[in-house]
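Each chain, written out:
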Amino acid sequence: MQSIVRTSPNIALIKYWGKRNTIKNLPAVDSISITLDNLWTEMNVIFSSDLSNDELFINEKKQNNISRVKNCIDSICGEQRDYASIMSRCNFPISAGLASSSSSFSALVVAINSLMKKKWNTQLLANQAGSVSGSAARSILGGIVKLNNEPEKIRITQLLSPNDWPLRVVIAITDKKEKAISSSKAMKLSADTSPFYSSWVEDQNDDIKEANSFISKKDFEGLASISEHNCMKMHSIMWTTRPSIVYWNSTTIDCMHAIRDLQRNGESVFFTIDAGPQIKAICLPENEEKIAKKLNEIKGVQSIMTSGLGSGPIIEK
Ligand code: PMV
């Protein structure tokens, strides 16, 4: 019994930060993201009666703490099951603010679903992936994806396909280390202590509506303005958490200034940053080369990855 699934991470333009239900892992706010194509996780899952426990290898390295993976499999298959051997390959740094949990858990859920022949629809897959990692739900679809909160569940919809608006993303990697605090822990701290958390949650629907309208018109400058604003609001919540959570380093800030310079020179580009120090510059295809060159010249930028918008999960076997 083997399944191989390849999935790409997604980057939020209108962010999710905070949970309304920690047991079901339901987000406190709606969000909008883009699913990438050039970054991926390939998950090879085998169930076998010969195994004496579940095992997980990431890029060939055996992992010790696999409780999230175990719980995810149990929640789909039940505890009376054969153990699983999972080989995960990822072509980008993991747990470093590049949304590796979104590609990993969406791939895992789709692979198990295919092995168990459950034939779950998109919404069930999204809810299952989201119950492990909130952002993973959005990687179940490609292109530009909206995640809506509904009573006791979430719903995902594709706003535009990758071909409808072929945006490009230039990622400046400034540090490959694992983040010091996981996003789940950080979100809880923010909800408990940031004085601005409740207004972040209250105002999110305005940002969603604004972004939605710019996306439907393919208005790049409008989307740039609301996305950067929403990103900075999320980081303000992190910064005003007690103790404060700062995922950036000095190169992150240098990259932000470089993007501001590019904008002043008329380039169509904007930045977004997640729970890590990497900068994601979203741009139009004609601006990509210049932006990649400029970011690559910044001291402290370790490498550049570029990507377009991609599809949802691909079942390879
Ligand atoms: O899905 P998680 O628990 O890794 O949280 C992701 C949170 C952000 O990446 C910072 C924002 C988002 O909407 O993806």
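Described below are features of the structure shown in this document. Each residue is numbered by its place in its chain's sequence as written, counting from 1. Reporting of local features is limited, given that this is a predicted model, to residues whose pLDDT is at least 70; pairs of side-chain atoms are given and counted only at 80 or more, and all residues count toward the totals for whole chains, interfaces and linings. To obtain the side-chain values, all non-hydrogen atoms of the structure were included, while hydrogens and water were left out.

Right, let's talk about the pattern of salt bridges for a bit. One side-chain nitrogen of Lys or Arg within 4 Å of one carboxyl oxygen of Asp or Glu is enough to make a salt bridge. Applying the stated criterion across every chain, the model contains 19 salt bridges. Of the charged contacts, one joins Glu150 and Lys153 as a salt bridge, the two residues approaching to 2.9 Å between their closest N and O atoms. Buried, partly exposed and exposed residues are distinguished by accessible area as a fraction of the type maximum, computed with a 1.4 Å probe on protein chains only: under 20%, between the cut-offs, and over 50%, respectively. Since its relative accessible area comes to 38%, Lys153 is described here as partly exposed.

Comment: elements are numbered from the N terminus, with helices defined as DSSP H or I runs of at least four residues and strands as E runs of at least two. Within the secondary structure layout, Ser31 lies in strand 5 (residues 31-35). Within polar-contact distance, the side chain of Ser31 engages the side chain of Arg138 at 2.9 Å. By definition, residues are in contact when any of their heavy atoms lie within 4.5 Å. Sequence-distant contacts of Ser31, that is, excluding residues within four places in its chain, are made with Ile14, Lys15, Tyr16, Arg138, Val145, Lys146, Leu147 and Ile208. Polar contacts here mean pairs of N or O atoms no more than 3.5 Å apart (in protein, one a potential hydrogen donor and the other a potential acceptor; neighbouring residues in sequence count only if both atoms are side-chain atoms).

Turning next to the packing of helix 5 (residues 197-217) against helix 6 (residues 220-239). For helices, the fitted axis covers only the stretch in contact; all axes are lines through C-alpha atoms, and the angles between them, taken along N-to-C directions, range from 0 to 180 degrees. As a packed pair, helix 5 and helix 6 sit with axes 9 Å apart at the nearest point and diverge in direction by 165°. Viewed along their axes, helix 5 and helix 6 adopt a mutual orientation that is roughly antiparallel. Both helix 5 and helix 6 take part in a crossing whose hand is left-handed. Along its contact with helix 5, which presents Tyr197, Trp200, Asp203, Gln204, Asp207, Glu210, Ala211, Phe214 and Ile215, the element helix 6 presents Gly222, Leu223, Ile226, His229, Asn230, Lys233, Met234 and Ile237. Residues are grouped as follows: Ala, Val, Leu, Ile, Met, Phe, Trp, Tyr, Cys and Pro are nonpolar; Asp, Glu, Lys and Arg are charged; all remaining types, including Gly, are polar. Residues of the contact of helix 5 with helix 6, tallied by class, amount to nine nonpolar, four polar and four charged. Reported orientations rely on four angle classes, namely roughly parallel under 35 degrees, roughly antiparallel over 145, roughly perpendicular from 65 to 115, and oblique for the rest. Crossings are assigned a handedness: left-handed for a near helix turned anticlockwise from the far helix by less than a right angle, right-handed for a clockwise turn.

Residues are classed as near a molecule or strand on a simple rule: at least one heavy atom within 4 Å of it. Around the ligand, the structure places 14 residues, and the nearest of them are Ala12, Tyr16, Ser133, Ser135 and Arg138. One of the side-chain N or O atoms of Arg138 is found 2.7 Å from an oxygen atom in the ligand. To be clear on the numbers: accessible area is Shrake-Rupley with a 1.4 Å probe, and residue cover counts the displayed protein chains and nothing else. Considering the ligand on its own, with 380 Å² of exposed area, one finds that the protein chains cover 92% of that surface.

On the basis of which strands lie adjacent, the open sheet formed by four strands has the order 13-14-12-15 and antiparallel pairing. Bordering the open sheet on either side are strand 13 (269-272) and strand 15 (303-307), each of which pairs with just one other strand. Each neighbouring strand pair of the sheet contributes to a mean axis angle of 25°, computed without reference to strand direction. Strand pairing is defined by DSSP finding a minimum of two bridges between the two strands. Bridge count for strand 12 (residues 168-173) against strand 14 (residues 279-283) is five bridges, and the pairing is antiparallel. When the bridges of strand 14 are listed, Val170 appears paired with Ala281. Against the sheet, helix 6 contacts strand 13 and strand 14, and its axis sits at roughly 20° relative to strand 13. Each of strand 12, strand 13 and strand 14 touches helix 7 (residues 250-264); the most contacted strand, strand 13, lies at about 160° to it.

Worth remembering: the numbers are spatial, not functional.
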